[in-house]
Amino acid sequence: SGPASLEVTDWIDPEWDLLIRVHKVEGASRFFYHSTFAPSLKPIKGLFISPDPKDAGFAAVYCPADGLIIHFCPRRRRWGPIPEGGWTPEKLDRFYPEGGVFLAWGFDSMPSSFQVGADRAGRKVPQNAPPGGRLDAEDGLLQGNQAFRGPVDSALSIDLPELRGTVTVFIALGSTATEAVSLIRRAREIGIEALARKAEQAWEKVGRKIFLPPAEKDQTILRVAKRSVLSLIMGQDKSSGAVVASLSRQPPYHFDFPRDSAFFDLGLDVAGFPERVDRHSDFLMKVQMKGKIAFGWMWLVSLRWPFYRPEGHFKANYSTDGSPGSMPHPFEIDSTGLTIWNLWRHEAFVPEEKRESYRRKAWEVIERGTKALMDYVDLRTGWLRPAFEDDASRPSATFHGASSTLTALMAAADA
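Residues numbered from 1 in each chain as written. Predicted model: local features only at pLDDT ≥ 70, side-chain atom pairs only at ≥ 80, totals over all residues. Heavy atoms only, no water.

1. A few points about the side chain of D265
So, step 1. Within the fold, D265 resides in helix 6 (residues 258-271).
So, step 2. Those residues in contact with D265 that lie beyond four places of it in its chain are V277, H280, L284, N342 and R345. (Helix = DSSP H or I, 4+ residues; strand = E, 2+ residues; numbered from the N terminus. Contact = heavy atoms within 4.5 Å.)

2. A closer look at the pairing of strand 9 (residues 152-159)
So, step 1. Counting buried residues along strand 9, seven of its eight residues qualify, which places the element largely inside the surrounding structure.
So, step 2. Taken together, the six bridges between strand 7 (residues 113-118) and strand 9 define a ladder with antiparallel strand orientation. Within strand 9, the position partnered with S113 by the bridge is S157. (Buried < 20%, exposed > 50% of the residue type's maximum accessible area, 1.4 Å probe, protein only. Pairing = 2+ DSSP bridges.)

3. A word on the environment of S157
So, step 1. Along the chain, S157 turns up in strand 9.
So, step 2. S157 sits 46 residues away from P111 along the chain, and the two C-alpha atoms are 5.6 Å apart.
So, step 3. The residues contacting S157, other than those within four sequence positions of it, are R30, F31, F32, F107, P111, S112, S113 and L142.
So, step 4. Within the structure, S157 has its side chain in polar contact with the side chain of S113 (distance 2.4 Å). (Polar contact = N/O pair within 3.5 Å; in protein donor to acceptor, adjacent residues only side chain to side chain.)

4. Overview of the sheet that holds strand 5 (residues 68-74)
So, step 1. Reading across the sheet, the seven strands line up as 1-2-10-6-5-4-8 and stay open at both edges, with antiparallel pairing between neighbours. Edge positions in the sheet fall to strand 1 (5-12) and strand 8 (147-149), since each of these pairs with one other strand and no more. The mean angle between the axes of side-by-side strands here comes to 15 degrees, regardless of whether they run parallel or antiparallel.
So, step 2. With three bridges connecting them, strand 4 (residues 59-63) and strand 8 associate as antiparallel partners. Within the sheet, the bridge partner assigned to A60 lies in strand 8 and is F148.
So, step 3. Running over the sheet, helix 3 (residues 177-190) touches strand 2 (18-26), strand 5, strand 6 (100-107) and strand 10 (164-174) and is turned about 150 degrees from strand 10. (Axes fitted to C-alpha atoms, helices over the stretch in contact; angles between N-to-C directions.)

5. With respect to helix 10 (residues 399-414)
Within an α-helix, residues lying three or four positions from one another point in the same direction, as the helix has 3.6 residues per turn.
So, step 1. Look at helix 10: 22 Å from first C-alpha to last across 16 residues, which is about the 22 Å you get at 1.5 Å a residue.
So, step 2. Regarding helix 10, the residues found buried are G401, A402, S404, T405, A408, A411 and A412.
So, step 3. The inward-facing, buried residues of helix 10 abut helix 8 (333-346), helix 9 (352-374), strand 13 (377-378) and strand 14 (383-384). (Expected span 1.5 Å × (residues − 1).)

6. Quick look at the side chain of R368
So, step 1. Residue placement: R368 occurs in helix 9.
So, step 2. Lacking a salt bridge, the buried R368 has E364 as its closest oppositely charged neighbour, with an N-O distance of 4.2 Å. (Lys, Arg positive; Asp, Glu negative; His and termini not counted. Salt bridge = Lys/Arg side-chain N within 4 Å of Asp/Glu carboxyl O.)

Next up, the structure:
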C-alpha cells in the first residue's frame, strides 16, 4: 500500500481533567499508541532538563473490563498479584484506599490488544522484565502483559477498517483510579462530536469577553492578540491562581515567574479579566518571603557574605502550589520590583466597591517589598548595590535592576 498519514487534533475538556486526542489515520490497517507516563506525588523541579523524581511512575495495570491502562503513584506503596478477572479501578481503589495520582488512558472503544511493560529508555530494569509497549509493537503484535511495577512503557492497539479510520485517545487524571476512569467512561458515553462542541462553545464564550482595541482592523493582529489572551487564561492554575510562563514540563517552564507574570497580569487586566488578576494577586501576596535571615549559596560564587534578609522579596519562580520553583537564586531584585509595581497598578482595575479592601491587603506586601528593595539602594551614589537580577548567576547592579527598582519605588510612593 501507499504511505501512511496521520492528522492529530488535541484539546483539554473545559470542565474535566481530561485530554482528548483525535487521530485521523490513512494508509494503515492497525493503530498503536504507547505511553511512558510517570505520575508523581512530588513537584517536578529540575533546573534544565527537569528529570522525573526517582520514585515517579510506581506502576501500571491494564483493566480488561474498560479496555484502559492506568499508570499510578499511590500514597502507600505496596504491590499485589493480579486479582481474578483482572484489575478494575474499583479493585485498585480498595487495594490503595489512601489514593494518590492515577492516570487512565485508552481509546474511545475497546482495544484489540495491549501491553504493559518496562520503559528501558535510559532506565535500569531487570533483564526478564516484559518488553515495553513501543518495543513490543515493532512486530505488529502486542503480547498482552497486564501489569508492571517500575518505569512503565504501555501500549494499546486497534484494528482499522479499509486502511483508514479515526481513533480517539482519552487521557484522564484523578486522585483515585475510579475518578480517572469515570471521566473516560463519561467521555465515551457523550461521544467525540459532543465533546468537541462543548469545548468550542466554552472557549468561544471566553473569547467573546476579550476586549480588543476597536480601532484595530487588521484581522491577523486581532487573531494573534485574542489567541495570546486565551493562552494566558489556559496558563492559570485553577486551584492557586498562579500563572505559568508556559505549560511545558520538558523543558521545565511550568512555573510562575513573578517578573514575567507582572506583564501577563497587565495583559489580562487590559483584556477585561481583572478577576483573574485578583486570584493571581492573592497568590503573589501569599508567596512573598517573610524570613528575617536566610543562607544563599549563590552569593558565595562572587565571594560575598552568604546570609541575607529575604523578607519582602520574591523567589525567581514558583511551582503552582506556592513552593519555590526551579531557579536557585535567593531572589531577583527586578522580580521584586516588578511585582510591587504589578500589585500597585492592578488597583485601577479593581471595582470601586472592592478597591479599599484590595488597597489595605496589597499595601502590606508593597511596604514589605519596598523596604527589601531599599536594602540595595545606595543613597549616596543614587544607584544600586549589587543584587541578583535577570537570571544572572552573579550579583550585579545594571540598568535592568535599577529601572525595575525605580518603577517599584515610584509605585510605592504613590500607594
